[in-house]
Amino acid sequence: MKIFDFKENDGIPVILVCGPKCVGKSTFNRYLINLLLNHLPCVEYLECDLGQTEFTPPGCVSLMNISDPFLGPPFTHQRTPRKMVYYGDVSCDQDTERYIDTVKYVFNSYKKEVPLVINTMGWVKGVGLLLLIDIIRLLSPSHIVQISAEDFKDMPQFTPEYIHLTAGLHTKGKLQATCKSMDMGGTENWQPCEGERDFQTSTPGHKLLCVKPKFPGAGDAAKARVHSSILRDMAMLGYLGQLQPLETRSVLPLHSLVPYQVPFSAVALRVIHTDVAPKHIIYSVNASWVGLCRIPDEVRCQTDGPVLLTQTPVCDCLGFGIVRGVEMEKQLYHILTPVPPENLRVVNCLLLGNIAIPSCVLLNQGIEGEIPYVTSEYNYQISGAGKLKPSGVAHRSKLALEFVEGSGAEQSPKDSRSVQTKDLHLSSAARTL
């Protein structure tokens, strides 16, 4: 590939693509991967952009093995990654340390047998720039493709010298990265500071390619043809499309699909993005988008209620689902998911993040009258209530949530039709899912 001038003695290339929003990083990645596939059987792809994921729903860091060319926007090619962690938000500004740990966890699955293309976030100002320096040190790419608009001045060129000397958010530059101590003979001994050992304190000899896009509106998010939130919703709809039967021509609403029954005791539950009182946790998880994850520890239920985690784990995510309902009397979650049963058997953790079900899913349920989980009478003067426009509101209604303490998931307050469910047995601990 002449653009990078790869040589056999350079080893396996690791190409990191960075730059601000709306400069064409995703398009460049697609072109680059498809070009590499003309010469190689497969390419690895590390997704580090939480808000604009290429192959998964938003809020994930994932490692994908790609063997076939792909075109079009993300919702046209949702796939199952080789490794994936659900971070649970489209931005990492509230917990950058967990983001670093997540990227490190996923990157450790890369075997360095085929080229790796790394996509990064468009957050390259202030703290975002410092975090990107940390990511570069952690992943130690052989090539950096820096795409930047002509008039964008907040992002310096990522030369090897700049990365080597400049402090990041959680790492220090060359002049700061060593700590002086005295050995037994009284001689000064310089060693890496605590917390620096997990990072590459330099990126020796990486090659930098600077690209200035010329298309109209490059780097201007206000001129983007499609808003990023719409692309995220479409990616989630593309994923949920796997729930639809192949023989059905029309789209079936969620209440027409058969959910899995998951006992409270079979899975641990964690709300990632905020603190929720234990007595309110069921109200939070009902009608929510959840990551179906696997933690190494056995889930032990010591109470009659749901099993709650006190810390957010960095763990494998096998897919996603929607909590269709919660049945308190039988202590069951009813979950819709396209994840195959053989993978569901190892799921023992539900992670609830700051990723909402697309409003169109809730608004178009094919029900006359008031719609479950949706209210039109809402006080928008309440703090935090104005995040969605009134025309597209999809708030869970109070009535729709009250049934978690009532008759269970078989009867929603606005739809009394019975819901068929299916059981699945876990291979470990003989629990049902």
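Residues numbered from 1 in each chain as written. Predicted model: local features only at pLDDT ≥ 70, side-chain atom pairs only at ≥ 80, totals over all residues. Heavy atoms only, no water.

## A word on the overall build of the protein
And step 1. Counting its secondary structure elements, the protein contains nine helices and 16 strands.
And step 2. By the burial criterion, 49% of the 433 residues in the protein qualify as buried.
And step 3. Intrachain contacts of the protein at a sequence separation of at least 6 include 73% that bridge at least 24 residues.
And step 4. When the accessible surface of the protein is split by element, carbon and sulfur atoms take 51% of a total near 21900 Å². (Helix = DSSP H or I, 4+ residues; strand = E, 2+ residues; numbered from the N terminus. Buried < 20%, exposed > 50% of the residue type's maximum accessible area, 1.4 Å probe, protein only. Contact = heavy atoms within 4.5 Å. Areas by Shrake-Rupley, 256 points an atom, 1.4 Å probe, with all protein chains shown as cover.)

## Section: the state of the cysteines
And step 1. Summed over the entire model, instances satisfying the criterion amount to zero disulfides.
And step 2. Left without a disulfide partner, Cys210 is nearest to the cysteine sulfur of Cys18, which lies 8.6 Å away.
And step 3. No disulfide involves Cys315; its sulfur sits 4.4 Å from that of Cys293, the nearest cysteine.
And step 4. Among the residues examined, Cys315 registers a relative accessible area of 3% and is labelled buried. (Disulfide = S-S within 2.5 Å.)

## Quick notes on the environment of Val326
And step 1. Mapped onto the elements, Val326 comes out in strand E14 (residues 316–327).
And step 2. Taking the C-alpha atoms as reference points, Val326 and Tyr283, 43 residues apart in sequence, are found 9.0 Å from one another.

## Quick look at the environment of Ser67
And step 1. For Ser67, the location among the structural elements is in the loop between strand E3 (60–66) and strand E4 (83–86).
And step 2. Through-space distance from the C-alpha of Ser67 to that of Cys42 is 4.3 Å; in sequence the pair is 25 residues apart.
And step 3. Sequence-distant contacts of Ser67, defined by excluding residues within four places in its chain, comprise Leu37, Pro41 and Cys42.

## A closer look at the pairing of strand E2 (residues 43–47)
Each regular strand displays side chains that alternate between the two surfaces of the sheet.
And step 1. Within E2, five of the five residues are buried, which leaves the element mostly enclosed by the surrounding structure.
And step 2. Side chains of E2 alternate between two faces, with Val43, Tyr45 and Glu47 and Glu44 and Leu46 buried alike.
And step 3. Bridge analysis of E2 against E3 gives five bridges, and the strand direction is antiparallel. For Tyr45, the partnering residue across the bridge sits in E3 and is Met64.
And step 4. Inspection of the sheet shows E2 paired to strand E5 (residues 116–119) by four bridges, in the parallel sense. Along E5, the bridge assignment pairs Glu44 with Leu116. (Pairing = 2+ DSSP bridges.)

## Quick word on the packing of helix H2 (residues 96–107) against helix H3 (residues 127–139)
And step 1. Taken N-terminus to C-terminus, the directions of H2 and H3 make an angle of 25 degrees; their axes are 11 Å apart at the nearest point. The pairing of H2 with H3 is recorded here as roughly parallel in orientation. For the crossing formed where H2 meets H3, the hand is right-handed. Along the contact surface, H2 presents Thr96, Tyr99, Ile100, Val103, Lys104 and Phe107, while H3 presents Leu131, Asp134, Ile135, Leu138 and Leu139. (Axes fitted to C-alpha atoms, helices over the stretch in contact; angles between N-to-C directions. Parallel < 35°, antiparallel > 145°, perpendicular 65-115°, else oblique. Left-handed = near helix turned anticlockwise from the far one by under 90°.)

## Section: the sheet that holds strand E16 (residues 349–352)
And step 1. Pairing is mixed across the open sheet formed by seven strands, whose spatial order is E10-E15-E14-E12-E16-E11-E13. The sheet is open, and its two edges are formed by strand E10 (260–263) and strand E13 (307–308), each paired on a single side.
And step 2. Across four bridges, the pairing between E10 and strand E15 (residues 332–336) is antiparallel. Note on E15: the bridge partner recorded for Tyr260 is Ile335.

## Some details on the sheet that holds strand E9 (residues 207–211)
And step 1. Taken together, the seven strands give an open sheet; going across it, the order is E4-E3-E2-E5-E1-E6-E9, and neighbouring strands pair in mixed fashion. The strands lining the two open edges of the sheet, one partner per strand, are E4 and E9. If you compare each strand with its neighbour and ignore which way they point, the axes differ by 15 degrees on average.
And step 2. Packing against the sheet, helix H1 (residues 25–37) makes contact with strand E1 (14–18), E2, E3, E5 and strand E6 (143–147), and its axis sits at approximately 175 degrees to E5.
And step 3. Of the strands in this sheet, E2, E3, E4 and E5 are in contact with H2, which crosses E3 at around 20 degrees.

## Here we look at unusual backbone geometry
And step 1. Not every positive phi belongs to a glycine, and Ser140 is a case in point at roughly 45 degrees.
And step 2. Note that Ser140 resides in the loop between H3 and E6.
And step 3. Although it is not a glycine, Gln331 sits at a positive phi angle of roughly 55 degrees.
And step 4. Along the chain, Gln331 turns up in the loop between E14 and E15.

## Re the confidence of the model for the protein
And step 1. Looking at the protein as a whole, its pLDDT mean stands at 82, while 76% of the residues score no less than 70.
And step 2. Across residues 385–421 the pLDDT falls below 50, and counting only partners more than four positions away or on other chains, this stretch makes 85 contacts in the model.
And step 3. Below a pLDDT of 50 lies the segment residues 424–433, which in the model reaches 35 contacts outside its immediate sequence neighbourhood of four places, other chains included. (pLDDT = per-residue confidence, 0-100.)

## Regarding the pattern of salt bridges
And step 1. This structure, assessed with the given rule, holds five salt bridges.
And step 2. Taking the shortest distance from any N to any O, the salt bridge between Asp316 and Lys83 comes out at 3.0 Å. Of this pair, Asp316 sits in strand E14 while Lys83 is found in strand E4, placing the two residues 233 residues apart along the sequence.
And step 3. A relative accessible area of 18% places Lys83 in the buried class.
And step 4. A salt bridge links Arg98 to Asp95, with the shortest nitrogen-to-oxygen separation between them at 3.2 Å. (Salt bridge = Lys/Arg side-chain N within 4 Å of Asp/Glu carboxyl O.)

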